[in-house]
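# Results of the structural survey
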Amino acid sequence: MKICMIGSGYVGLVTGACLAEMGNDVICVDEDAAKIALLEQGEVPIYEPGLRELIARNRDEKRLRFTLDLADGVKNSLLCFICVGTPQDKDGSADLSYVLRVAGQIGECMDDYKIIVDKSTVPVGTAEKVRDAIRGRLDARGLSGLEFDVVSNPEFLKEGNAIQDFMRPERVIVGTDNVRTATILKELYNPFVRTSNNPILVMDIRSAELSKYASNAFLATKVSFINELAILCDKLGADISHVREGMGTDERIGPRFLLAGPGFGGSCFPKDVQALIATSRACDHTLEICEAAWKANQRQMRYFAQKIIGFYEDPRKATIAVWGLTFKPKTDDVRESPALYVIEDLLSHGMQVRAFDPKGIENARKVLGDRITYTQDAYDAVAGADGLAIITEWNMFKSPDMDRIKALLKTPVIFDGRNLFNPEEVRDHGFTYFGIGRG
Ligand SMILES: NC(=O)c1ccc[n+]([C@@H]2O[C@H](COP(=O)([O-])OP(=O)(O)OC[C@H]3O[C@@H](n4cnc5c(N)ncnc54)[C@H](O)[C@@H]3O)[C@@H](O)[C@H]2O)c1
C-alpha cells in the first residue's frame, strides 16, 4: 500500500519503517528540516534499538523515503497517518493544535480519496474535528464532493522495545464507522498478527480513542499503587519486592508494572493521565482513581528526592552522582523523566549533581543546561561524589563494580531508586543503602 506518515518522531519513524519492512511504500514527512536532513543522510535522529538498521534496509530497498513536503506525501499515498505530538495543554487537556494543523494541511493538498489514520493519542471526538478541518479546506477549494475517511488507530508501542511491539502487537485497534476502511486497515495489519493470531479489534471511533487513554491510565495507576505501598513498606519495615512477589504471582494481578521506583514519567503516561482527567472533568464525571494515581506520582518523585536530601546534614555541601536521565532504559527520551524532577529538587536544595546516562545526555542538557555536570562514563560521575543515586534501570547499572564505586565515592552511600540491588549485599560492601520500600 502507499502510505505517508505525517510526523517522523518516535511513533512515525517506527511505524513507517515497520510498514515499509512488510513491503509497503512509505513516505515519512516532517516539518523539522534538521530531522529530515539527518534521515536523508542515513542518520536517525532518535535512539531506538534496531531502528537504524531497519530504516537503512528499507531506504536502500527504496520502500522508505523522507520529505519536508507534506503535499508530496499526501498526493502519493492512499493512507495518511497523523503521528504528530499531542502535548499537555495548560489546563491538562491534550493540545490538538498539531493534529488539527496537519488535518488542515491534508485538506489543502489532497485531490483524490484518502484515508486519514489518526495514530496520535487523541481525546474522544478528535476524529470528528479532523474530519471538519479537512472538510473545511476542501469546501474552500471548491472540492466539497471529494471523499475521504478518518480512522482512529491508537499506537501501543513502548519506547525501547518499539520495533518488536509494532512487529508483534498484542492487539491492533481500528476505530472506524465504515466497512471499507476496516477492510483496508485489516489488510495492512494482517501481516503483523499472522503468526501470533493476536486480534485486530475493529470498533467505533470513540471507543478506539478512549481505549488508548484507558490503557495508559490503568498502567499508571498500577505503578502508583505499588509506589504508595512502597512508602508504606518503608514505614512498616516490610520489603516491597517481597510484597510484589506475594501479590504479583496471583495471575489476576500479574507482576508487570509492579516495580516500585521514583514515579512514572515519559512522553505518554503523565500527559495521557492528565488528558483523561481533563476529559472526565469536562463531562462532570471525576475519575477519582486517575486523580489519585496522579497525586500519588507527584508525591513519589518528591519522596525519592527527599530520601537523598534528608541524608545530608548540609545538602549544599553535597555532590550527588546520578545514574540515569531518561525516563526508562533503551531510549534517549527524557520527556517528563522522573530523573529531571529529582535533579531539580536536589538543585533547589543547593546540591551539586554529576550525571551519566548512556543515551540521554544530549536531551537532558536541553532541559537542565549547564546546571549539572555530565560525564561520559558512569564511574566518572561517581568520582569524588558524596553519594550515588540510581534513577533509570539501564542494564549496565545492574551489576556494577561495587568496590570501584566505594573507592571513588567520598561518602559510601547508594540511593537505589529502582531497587536494583540486594540491600544486604550492598551493605556488606560497606555502603549505606536506601532503596524504595525496602524497610
Ligand atoms: N512516544 C511513544 O512512546 C508513543 C507511544 C504511543 C503513542 N504515542 C503518541 O503518538 C504521538 C506522537 O508521539 P511521538 O513521541 O512520536 O512525538 P514526537 O514529538 O517524537 O514526534 C512528532 C513529530 O511530528 C512533527 N510534526 C509536528 N507537526 C508537524 C506537521 N504539521 N507536519 C509535519 N511534521 C510535524 C514534529 O516535528 C516531530 O518530529 C503522540 O500523540 C503520542 O502521545 C507516543
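Here the structure is a predicted model, which means the values were calculated and not measured. (Residues numbered from 1 in each chain as written. Predicted model: local features only at pLDDT ≥ 70, side-chain atom pairs only at ≥ 80, totals over all residues. Heavy atoms only, no water.)

## Considering the overall build of the protein
The secondary structure content of the protein amounts to 17 helices and 14 strands. Its C-alpha atoms put the protein at 75 × 50 × 45 Å along the principal axes. Counting every position in the protein, which comprises 439 residues, the buried fraction comes to 55%. Looking at the protein as shown, the accessible area adds up to about 19500 Å², and 50% of this sits on carbon and sulfur atoms. Positive and negative side-chain charges of the protein, numbering 54 and 63 respectively, have mean locations separated by a distance of 1 Å. (Helix = DSSP H or I, 4+ residues; strand = E, 2+ residues; numbered from the N terminus. Buried < 20%, exposed > 50% of the residue type's maximum accessible area, 1.4 Å probe, protein only. Areas by Shrake-Rupley, 256 points an atom, 1.4 Å probe, with all protein chains shown as cover. Lys, Arg positive; Asp, Glu negative; His and termini not counted. Charge placed at Lys NZ, Arg CZ, Asp CG, Glu CD.)

## A closer look at the site of the ligand
Neighbouring residues of the ligand: 28 residues in total, closest Asp-30, Lys-35, Thr-86, Glu-159 and Lys-271. Within the side chain of Lys-35, a nitrogen or oxygen atom sits 2.6 Å from an oxygen atom of the ligand. Isolated, the ligand exposes 830 Å² of accessible area, and the fraction of that covered by the protein chains is 91%. Sort the elements by how many residues they give to the shell around the ligand and helix H5 (residues 97-109) lands first, with 4 residues. The residue inventory of the shell around the ligand, partitioned by class, reads 9 nonpolar, 9 polar and 10 charged. Split by domain, the shell around the ligand shows at least three residues from each of two domains, domain 1 (2-203) and domain 2 (233-434). (Near = heavy atom within 4 Å. Polar contact = N/O pair within 3.5 Å; in protein donor to acceptor, adjacent residues only side chain to side chain. Nonpolar A, V, L, I, M, F, W, Y, C, P; charged D, E, K, R; others polar. Domains from an automatic or database assignment.)

## Remarks on the pattern of salt bridges
Using the criterion set out here, one finds 28 salt bridges in the structure. Two residues, Lys-119 and Glu-155, come together in a salt bridge whose shortest N-O distance is 2.8 Å. Placement of the pair is Lys-119 in the loop between strand S5 (114-118) and helix H6 (126-140) and Glu-155 in the loop between strand S6 (148-152) and helix H7 (162-167), with a sequence separation of 36 residues. Lys-119 gets classed as buried once you look at its relative accessible area, which sits at 2%. The exposure class of Glu-155 is buried, given its relative accessible area of 11%. Overlapping salt bridges bring together Glu-147, Asp-149 and Arg-180 as one network. (Salt bridge = Lys/Arg side-chain N within 4 Å of Asp/Glu carboxyl O.)

## Looking at the environment of Gly-160
Residue position: Gly-160 is located in the loop between S6 and H7. With 157 residues separating them along the chain, Gly-160 and Lys-317 place their C-alpha atoms 36 Å apart. If near-sequence neighbours (up to four positions away) are discounted, Gly-160 is found in contact with Glu-48, Pro-49, Pro-329 and Lys-330. (Contact = heavy atoms within 4.5 Å.)

## Focus: the nonpolar core
Within the largest apolar cluster, 39 residues are counted, with the highest numbers of intra-cluster contacts made by Leu-13, Leu-19, Leu-51, Ile-55, Leu-79, Phe-81 and Tyr-189. Among the elements that line this core, the one with the most residues is helix H1 (residues 10-21), at 7 residues. Counting residues in hydrophobic clusters, the runner-up holds 36 residues, among them Ile-226, Val-322, Leu-347 and Tyr-374. (Core = buried A, V, L, I, M, F, W, Y, C linked by side-chain atoms within 4.5 Å.)

## Some remarks on the domain arrangement of the protein
Taken as a whole, the protein is organised into domain 1 (2-203) and domain 2 (233-434). Distance between the C-alpha centres of domain 1 and domain 2: 33 Å. Facing 19 residues of domain 1, the contacting portion of domain 2 comprises 19 residues. With both chains or domains summed, domain 1 and domain 2 bury close to 1300 Å², and 48% of this area falls on carbon and sulfur atoms. Among the residues domain 1 hides against domain 2, the three largest losses belong to Tyr-10, Tyr-47 and Glu-159. Together they make up 42% of the total. Applying the counting criterion to the domain 1 and domain 2 interface returns 1 salt bridge. Residue Arg-335 is joined to Glu-159 by a salt bridge in which the shortest nitrogen-to-oxygen separation is 3.7 Å. For the side of domain 1 that touches domain 2, the per-class residue count stands at 8 nonpolar, 6 polar and 5 charged. (Buried area = accessible area lost by both parts, 1.4 Å probe.)

## A short note on unusual backbone geometry
Unlike most non-glycine residues, Lys-62 shows phi in positive territory, near 65°. Along the chain, Lys-62 turns up in the loop between helix H3 (51-60) and strand S3 (64-67). Classification of Lys-62 by relative accessible area gives exposed; the value is 69%. The phi dihedral of Glu-336 is positive, around 55°, even though this residue is not glycine. Checked against the element boundaries, Glu-336 lands in the loop between strand S9 (319-323) and helix H13 (338-348).

## Describing the packing of aromatic side chains
Inspection of the entire model under this criterion finds 14 aromatic pairs. Measuring from ring centre to ring centre gives 6.1 Å for Phe-257 and Phe-269, while their planes differ by 40°; the resulting arrangement is tilted. In this pair, Phe-257 is assigned in the loop between helix H10 (240-248) and helix H11 (269-282) and Phe-269 in helix H11, connecting sequence segments 12 residues apart. Looking at Phe-257, the relative accessible area reads 31%, which means it is partly exposed. Residue classification places Phe-269 among the buried residues on the basis of a relative accessible area of 13%. A connected cluster of aromatic rings, assembled from ring pairs, spans Phe-257, Phe-264, Phe-269 and Trp-294. Cation over ring: Lys-359 sits above Tyr-47, and NZ or CZ is 4.4 Å from the ring centre. (Phe/Tyr/Trp six-rings, centres within 6.5 Å; stacked < 30°, edge-to-face > 60°. Lys NZ or Arg CZ within 6 Å of the ring centre and 35° of its normal.)

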